[in-house]
Amino acid sequence: MTSTAIPIDPQTGVNLPGERVLIYHLRDVEKTREAEGTAFRLRVPSLQIALGEKIALIGESGCGKSTLLDMLSMTLRPSGIGSFRFRPARGAEPVDISDLWRKKQLNQLGDLRRLRIGYVMQTGGLLPYLTVRENINLSRRLLDMQDDSLVDELAGDLGIRRHLDKLPYMLSVGERQRVAIGRALAHRPSIVIADEPTASLDPIAAERIMSLFIELVDELHITVILASHAWRHINRLGLRHLEHHTHRESDGSMTETVVSG
Amino acid sequence: MPHRVKDILWLAGRDYRNEWQMSAFFIVSLAAVLGPMMILYGLKFGIVGSMLTNLIEDPRNREVRPIGSGRYDSAWVEQLRNREEIDFIVPRTRAIAATIDLKSETASRIISVEMIPTGQADPLLKTQTIPQSLQQIVLSNKAAQKLNVKPGDEISGSLSRRFKGRSERVHISLQVIDIAKPASFTRDGAFTDLLLVEAAEDFRDGRAVSALGWSGTAEGNDKRTYPSFRLYTSSIYDVAPISEALGKLGIEVSTRVADIDIVRTMDRNLSVVFWLIAIIGLFGFTLSLGASLWANVDRKRKELSVLRLVGFRTGEIVWFPVLQSVFTAIFGWLTASMIYLGVSFTINRLFASQMDSSDSICHLLPNHFLIALILTLGAATIAAILAGYRAARIEPSEGLRDI
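Each chain has its residues counted from 1, running along the sequence as written. Key to labels: chains lettered from A, ligands numbered from 1, both in the order written. In keeping with the predicted nature of the model, local features appear solely for residues at pLDDT of at least 70, side-chain atom pairs appear and are counted solely at 80 or more, and the whole-chain, interface and lining totals rest on all residues. Values reported for side chains reflect all heavy atoms of the structure, with hydrogen atoms and water molecules removed beforehand.

Draft legend 1. Highlighting the overall build of chain A. For helices the rule is a DSSP run of H or I covering at least 4 residues; for strands it is a run of E covering at least 2, with both sets numbered from the N terminus onward. A count of helical and extended segments in chain A gives 8 helices and 11 strands. We compute the radius of gyration over the C-alpha atoms and compare it with the globule rule, which gives 2.2 Å times the number of residues raised to the power 0.38. Against the globule reference of 18 Å for 261 residues, chain A gives a C-alpha radius of gyration of 19 Å, in line with a compact fold. Across its three principal axes, chain A shows a C-alpha extent of roughly 50 × 45 × 35 Å. A 1.4 Å probe rolled over the protein chains alone gives each residue an accessible area, and that area as a share of the maximum for its type sets the label: buried under 20%, exposed over 50%, partly exposed in between. Burial analysis of chain A (261 residues in total) assigns 56% to the buried set. By sequence separation, contacts in chain A at least 24 residues apart represent 73% of the contacts at least 6 residues apart. When checking whether two residues touch, look at their non-hydrogen atoms; a contact exists if any pair is within 4.5 Å.

The following block contains the structure:
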């Protein structure tokens, strides 16, 4: 993994304990998509997310949430980048993501994802041929991490310990979503990205799982970015809202969302 | 990063096992192509192989037989004997003079047999004792049965001639030192030393044979010529060149070269037929496996994109369909080998009565199995190329949400 040393941001200052460390620092990043005469643009003039922060991205579908999440999870190449730095841990060198995209170092982006990011998908995204335990352990396995009983602890916290040796199809949708949360956290990533993690659940189960998720993230000191269209119970969890404004051209030819925070 | 490929191997294996019905379907459809192909090749190899073995082992296929009679002296025969392509040659006397009447004490009949001159390394007497003197003979199986004798028995031979207006008969006591195999000579015959055949000819020509005390005109053997000879080449492949060489000397010969050519042509033609079938079969299998793997990648798009999302590289994802294709190849080959072994065992049992005990009609060598495996692996890898390419193009972001 090559990381480019960049000048230390005057806002974050030097690496002192207790200092605010920016895991994401984006400036003038944008993504434009064009299809059938309509264009969509997501613009991020400035975005700073500190280590340990809990971010909520609330909005209707089509507002660009997914595009932003894809860029933050380093799976979507921005159309234009002023600067995009990723600093996965206090004391770690910031990684120049814009440079990796420019040099098409997709494998290094993949390595970064494997090591630093956990994902919770809308519908679990569990591998149907692995048991619950193997699914949770997958991210750890890929990093050759030794068993430190975290998998069992997570399974206990998530209330799925009795399902550990079952295949995903034997579980309810809610239970599967708990497994997905376990997998996203098991390798102790720097950040967990969750795109509508409770969209497929009934409201009561959704609220319970969401609270559990945030609790676990807090406990493990993991930064979280959560996208959801349901904001009512999100408010109660003490997440920071990411401001975004969408305007449409009157003729419908152009939609632009601007995110900053 | 080899340990990442190890992880892909594990995941591909788990998926393959989890969808065992699908996997079994692929395995069986491969075995259904490969099994019959192996049986077909086994039959070709077994039948043609045993025909070739018979050709090589049967000395009659190495025989070059002169047609009509000529005049060959000992020196000429000797010179041929020194040729590398010639395994055995012995001169023959006139056929009409080379008969002898035999009588044994254990049978009432006197039988007239043909005398065949023999010598060391006679291919027709490969495992038998060779007569070393005038009075030792090896009987053909048929003659031995008629005379009711066994090796070691003494029998009596007699020759007759008309000499100076009188009918004369001489007797000679002979020892049966061995009995030839039934296939070596199918009529009544006796393999004897050349000297005995020459003696019989001399006697019939009215000449004296001092070694046996037979009277007649002066012996004049110094200028003896022979009308014919027995010739066996070293291998079946020497038959054609030797007949050609003799033809150049004006000696017309008859051989089984045509039979040998028939088997060799048949081997070649059957190989062409087999490879045509094999290519069509493998091609069809590759296409159908390729299409299924391609469809599989589409079906598992979500799962594969999840793997990309959690950090597998493009080059590693390609292994997923390739490895599953290789699993199919290996298990399909194992199943086909099992089918082959069962069927060939049955075929060989069915035909056991028609074949020599050592021959099997359906037969493959270990390296044939290996070649089948390598071909199958090759076809499976080719089949997985498109699917692998498609898998490599799956974006990790597809795993984040439903499309």
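Draft legend 2. Examining the packing of helix α7 (residues 257-299) of chain B against helix α11 (residues 366-392) of chain B more closely. Residue and element names in this part refer to chain B. For every element, the axis is a line fit to its C-alpha atoms; helices are fit only across the contacting stretch, and the angle between N-to-C directions ranges from 0 to 180 degrees. Here α7 crosses α11 at 30 degrees, and the two axes come no closer than 8 Å. Classified by the interaxial angle, the pair formed by α7 and α11 is roughly parallel. Considering the relative orientation of α7 and α11, their crossing is right-handed. When α7 is examined against α11, the residues Trp275, Leu282, Phe285, Thr286, Leu289, Gly290, Leu293, Trp294, Val297 and Asp298 are found in contact with a partner set consisting of Leu375, Ala379, Ala380, Ile382, Ala383, Ala384, Leu386, Ala387, Arg390 and Ala391. Taken together, the residues of the contact of α7 with α11 break down into 16 nonpolar, 2 polar and 2 charged. To sort the angles, those under 35 degrees are grouped as roughly parallel, those over 145 as roughly antiparallel, those from 65 to 115 as roughly perpendicular, and the leftovers as oblique. Less than a right angle of anticlockwise turn of the near helix away from the far helix marks a crossing as left-handed, whereas a clockwise turn marks it as right-handed. Under the grouping applied here, Gly and all other residues not named as nonpolar or charged are polar, the nonpolar ones being Ala, Val, Leu, Ile, Met, Phe, Trp, Tyr, Cys and Pro and the charged ones Asp, Glu, Lys and Arg.

Draft legend 3. Molecular detail of the sheet that holds strand β3 (residues 54-58) of chain A. All names here are of chain A. The pairing criterion for strands is at least two bridges between them, as found by DSSP. Strand order in the open sheet made by the 5 strands is β6-β7-β8-β3-β9, with parallel pairing throughout. Of all strands in the sheet, those bounded by a partner on one side alone are β6 (117-120) and β9 (240-241). Examined bridge by bridge, strand β7 (residues 191-195) and strand β8 (residues 223-228) share 5 bridges and lie parallel to one another. Counterpart to Ala194 in the pairing with β8 is Leu226. In this fold helix α3 (residues 106-116) packs onto β6 and β7, with an angle of close to 75 degrees to the strand it touches most, β6. Its contacts with the sheet put helix α7 (residues 203-219) on β3, β6, β7 and β8, and the angle it makes with β8 is roughly 160 degrees.

Draft legend 4. Up close: the environment of Trp294 of chain B. Residue and element names in this part refer to chain B. For Trp294, the position within the fold is in helix α7. The spacing of Trp294 and Ile280 is 14 residues in sequence and 21 Å in space, taken between C-alpha atoms. Look past the residues within four positions of Trp294 in its chain and what remains in contact with it is Leu386, Ala387 and Arg390.

Draft legend 5. Representation of helix α8 (residues 301-309) of chain B within the structure. The element α8 of chain B is largely enclosed, with a buried count of 7 among its 9 residues. At the exit of α8 of chain B stands Gly311 of chain B, carrying a positive phi of roughly 115 degrees.

Draft legend 6. Molecular detail of the sheet that holds strand β2 (residues 38-50) of chain A. All names here are of chain A. Pairing is mixed in the open sheet, where 6 strands are placed in the order β5-β4-β1-β2-β11-β10. Both edges of this open sheet fall to β5 (95-96) and β10 (243-248), since each of them pairs with a single strand only. The sheet contact formed by strand β4 (residues 80-86) and β5 spans 2 bridges and is antiparallel. Residue Arg85 lies in a different strand from β5, and its bridge partner there is Asp96.

Draft legend 7. Unusual backbone geometry, seen in detail. Here the phi dihedral of Asp28 of chain A falls at roughly 50 degrees; this positive angle occurs in a residue that is not glycine. Structurally, the position occupied by Asp28 of chain A is in strand β1 (residues 22-35). Among the residues examined, Asp28 of chain A registers a relative accessible area of 46% and is labelled partly exposed. In this model, Ala121 of chain B sits at a positive phi of 70 degrees, which is unusual for a non-glycine residue. Structurally, Ala121 of chain B can be placed in the loop between β4 (110-118) and β5 (136-139).

Draft legend 8. Inspection of the interface of chain A and chain B at higher detail. Chain A puts 28 residues into the contact, and the matching count from chain B is 28 residues. Between chain A and chain B, the buried area comes to about 2,700 Å², and carbon and sulfur atoms account for 54% of it. Summed over both partners, buried area is the accessible surface (1.4 Å probe) that two parts give up on being assembled. For the chain A face of the interface with chain B, the top three residues by lost area are Tyr129, Arg141 and Leu142 of chain A, together amounting to 26%. When a carboxyl oxygen of Asp or Glu is within 4 Å of a side-chain nitrogen of Lys or Arg, the pair counts as a salt bridge. Counting every contact that joins chain A to chain B gives 3 salt bridges.

Draft legend 9. Quick peek at the environment of Ala92 of chain A. Structurally, Ala92 of chain A is set in the loop between β4 and β5. For the pair Ala92 of chain A and Ile23 of chain A, spaced 69 residues apart in the sequence, the C-alpha separation amounts to 9.9 Å.

Draft legend 10. View of a nonpolar patch on the surface. All names here are of chain B. Within this analysis, patches are made of residues with over 30% relative accessible area and no salt bridge. Like charges are joined at 9 Å or less; nonpolar side chains (Val, Leu, Ile, Met, Phe, Trp, Tyr) at 5 Å or less. Shrake-Rupley sampling with a 1.4 Å probe provides the accessible areas, and residues are treated as covered by the protein chains on show and by no other component. Side chains of Leu40, Val272, Val273, Leu276 and Ile277 sit close together on the surface and give an oily, nonpolar patch of about 410 Å² of accessible area. A total of 4 residues in the nonpolar patch trace back to one element, the largest contributor, which is α7. Assignment of secondary structure puts Val273 in helix α7. On the accessibility criterion, Val273 (43% relative accessible area) is partly exposed.

Draft legend 11. Highlighting the packing of helix α5 (residues 150-158) of chain A against helix α6 (residues 173-185) of chain A. Residues and elements named next belong to chain A. The contact between α5 and α6 brings their axes to 10 Å, and the two run at 145 degrees. With respect to the hand of their crossing, α5 and α6 are arranged in right-handed fashion. Across the interface between the two elements, Leu150, Leu154 and Leu158 from α5 touch Arg178, Ile181, Gly182 and Leu185 from α6. Along the lines of polarity and charge, the residues of the contact of α5 with α6 split into 5 nonpolar, 1 polar and 1 charged.

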